[in-house]
Amino acid sequence: MAFLQLQFHSDALMVQVSVNVILPERASTMIGMDAKGESTFKTLYLLHGLSDDHSIWMRRTSIERYASEYNIAVVMPAVGRSWYTDTVGGEKYLTFVTEELPNVCRSFFRGMSDKREDTLVAGLSMGVYGAIKAALTAPERFGACASLSGALDIADACGRRHWKDEMLLLF
């Protein structure tokens, strides 16, 4: 498996962004990693939670091993505490995740399938809110969506005293 740390300019966010990517690799001598050799592969957009960033998946999970087993690319963007939403302040995080990021990744990495059934989105906590919103907003792009301990009750989050001001800036 190849692990890449990308920085590129996002037109949707109008800033440099950081994205970690795992790509299937055709190598027969990697210990514990099977080379499948397919020329195209499915892609999972894996969204981080509120108190972490995109690096958490590589630091605290076995995502690379699972990606190898299933011959799947994994794209892990950093979006801060954005809730993956196009905010009232003008930041377009949902647009970034649902439109720009898949297009940019497919232009950089030719093996990523552009088929809906090969494009998946999942998240942890706040990332689940983003994943479900992405899947519902762009059903033509994402063929499956998964929740890992989802934070979906935004009304509750907006009502919490320590989050209220932050939530008002986002929603």
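As a convention, each chain's residues are numbered from 1 in the sequence order in which they are written. Local features in this predicted model are restricted to residues whose pLDDT is 70 or higher, and side-chain atom pairs enter the listing and the counts only when it is 80 or higher, whereas totals over whole chains, interfaces and linings include all residues. Excluding hydrogens and water, the side-chain values take into account all heavy atoms of the structure.

Colleague: Please clarify how the overall build of the protein should be interpreted in this entry.
Modeller: By the criteria applied, helices consist of DSSP H or I runs no shorter than four residues and strands consist of E runs no shorter than two, each listed in order from the N terminus. For the protein, the helix and strand inventory stands at six helices and six strands. Each helix and strand of the protein, ordered N terminal to C terminal, gives the series β-β-β-α-α-β-α-β-α-β-α-α. Type-normalised accessible area, obtained with a 1.4 Å probe on protein chains alone, sets the label of each residue: buried when under 20%, exposed when over 50%, and partly exposed for intermediate values. For the protein, buried positions account for 47% of its 171 residues. Between two residues, a contact is recorded if the distance between any of their heavy atoms is within 4.5 Å. For the protein, restricting intrachain contacts to residue pairs at least 6 apart in sequence, the fraction spanning at least 24 positions comes to 66%. Accessible area for the protein stands at about 8,900 Å²; split by element, carbon and sulfur atoms hold 51% of it. A 1.4 Å probe and the Shrake-Rupley method give the accessible areas. Residues count as covered only by the protein chains that appear here.

Colleague: Help me understand the layout of surface pockets in this model?
Modeller: One water molecule sets the probe size; rolling that probe over the atoms shows where empty space is left. Put plainly, a pocket is an open set of points on a 1 Å grid over the protein atoms alone with protein on both sides within 12 Å along at least five of seven lines, a cavity is a set where a 1.4 Å probe fits but cannot get out, and a lining residue has an atom within 4 Å of a point. Grid points are joined across faces, edges and corners, and a volume is the space filled by probe spheres set on the points. In this structure, the largest pocket spans a volume of roughly 210 Å³. Leu-44, Leu-46, Ile-63, Ala-122 and Leu-148 are, among the 15 residues lining the largest pocket, the residues nearest its centre. Elements that contribute at least two residues to the lining of the largest pocket include exactly strand E3 (42–47), helix H2 (63–70), strand E5 (119–125) and strand E6 (144–150). The leading source of residues in the lining of the largest pocket is E6, at four residues. When the residues that make up the lining of the largest pocket are grouped by side-chain class, the tally is 13 nonpolar, two polar and no charged. Residue polarity is assigned by list, with Asp, Glu, Lys and Arg as charged and Ala, Val, Leu, Ile, Met, Phe, Trp, Tyr, Cys and Pro as nonpolar; anything else, Gly included, falls into the polar class.

Colleague: Is there a simple way to think about the packing of aromatic side chains in this case?
Modeller: Within a pair of aromatic rings, the relevant descriptors are the distance that separates the centres and the angle that separates the planes. Here a pair means two rings of Phe, Tyr or Trp (six-membered ring of Trp) with centres within 6.5 Å. Their orientation is stacked below 30 degrees between planes, edge-to-face above 60, and tilted elsewhere. This model, assessed by the stated rule, comprises four aromatic pairs. Here Phe-108 and Phe-109 contribute two aromatic rings whose centre-to-centre distance is 6.1 Å and whose plane-to-plane angle is 75°, an arrangement assigned as edge-to-face. You can call Phe-109 buried: its relative accessible area is 11%. Whether a charge sits over a ring depends on NZ of Lys or CZ of Arg being within 6 Å of the ring centre and within 35 degrees of the ring normal. Residue placement shows Arg-65 over the ring face of Tyr-66; its charged tip is 5.0 Å from the ring centre.

Colleague: It is not clear to me how the nonpolar core should be interpreted in this structure. Could you clarify?
Modeller: Most often, soluble globular proteins keep nonpolar side chains buried together rather than apart. In this structure, Phe-8, Val-19, Val-21, Val-75, Phe-96, Leu-101 and Met-112 are the most contacted members of the largest nonpolar core, which totals 34 residues. Taken together, the elements giving at least two residues each to this core come down to strand E1 (2–10), strand E2 (15–23), E3, strand E4 (72–77), helix H3 (93–108) and helix H4 (126–137). Here this core takes seven residues from H3, the largest share from any one element. When sequence neighbours within four positions are dropped, the list of residues in contact with Phe-96 reads Phe-8, Ser-10, Ala-12, Leu-13, Val-17, Val-19, Pro-77, Val-79, Leu-101 and Pro-102. Nine residue types can take part in a nonpolar core, namely buried Ala, Val, Leu, Ile, Met, Phe, Trp, Tyr and Cys, and a core is a set of them joined through side-chain atoms within 4.5 Å. Residues Ile-22, Leu-44, Ile-63 and Ala-122 belong to the second largest nonpolar core, which totals 12 residues.

Colleague: Help me out: how do you make sense of the environment of Gly-143 in this one?
Modeller: Turning to its location among the elements, Gly-143 is positioned in the loop between H4 and E6. Spatially, the C-alpha atoms of Gly-143 and Thr-119 are 5.8 Å apart, while their sequence positions differ by 24 residues. If we skip the residues at most four places from it in the chain, Gly-143 touches Arg-116, Glu-117 and Thr-119.

Colleague: Help me understand H2, please; the structure alone is not making it clear to me.
Modeller: Each full turn of the α-helix corresponds to 3.6 residues, which orients residues three or four apart in the same direction. Among the residues making up H2, those that are buried are Ile-63, Ala-67 and Ser-68. Viewed along the axis of H2, the buried residues span an arc of 135°, placing them on a single side of the element. Among the residues trailing H2, Asn-71 stands out with phi positive, at a value near 50°. As used here, the arc is the angular range of directions from the helix axis to the C-beta atoms.

Colleague: What is the right way to look at H4 in this model?
Modeller: Here H4 spans 16 Å end to end across 12 residues, near enough to the 16 Å set by a 1.5 Å rise per residue. Of the residues making up H4, those classed as buried are Met-126, Gly-127, Val-128, Tyr-129, Gly-130, Ala-131, Ala-134 and Ala-135. Helix span, as expected, comes to 1.5 Å for every residue beyond the first.

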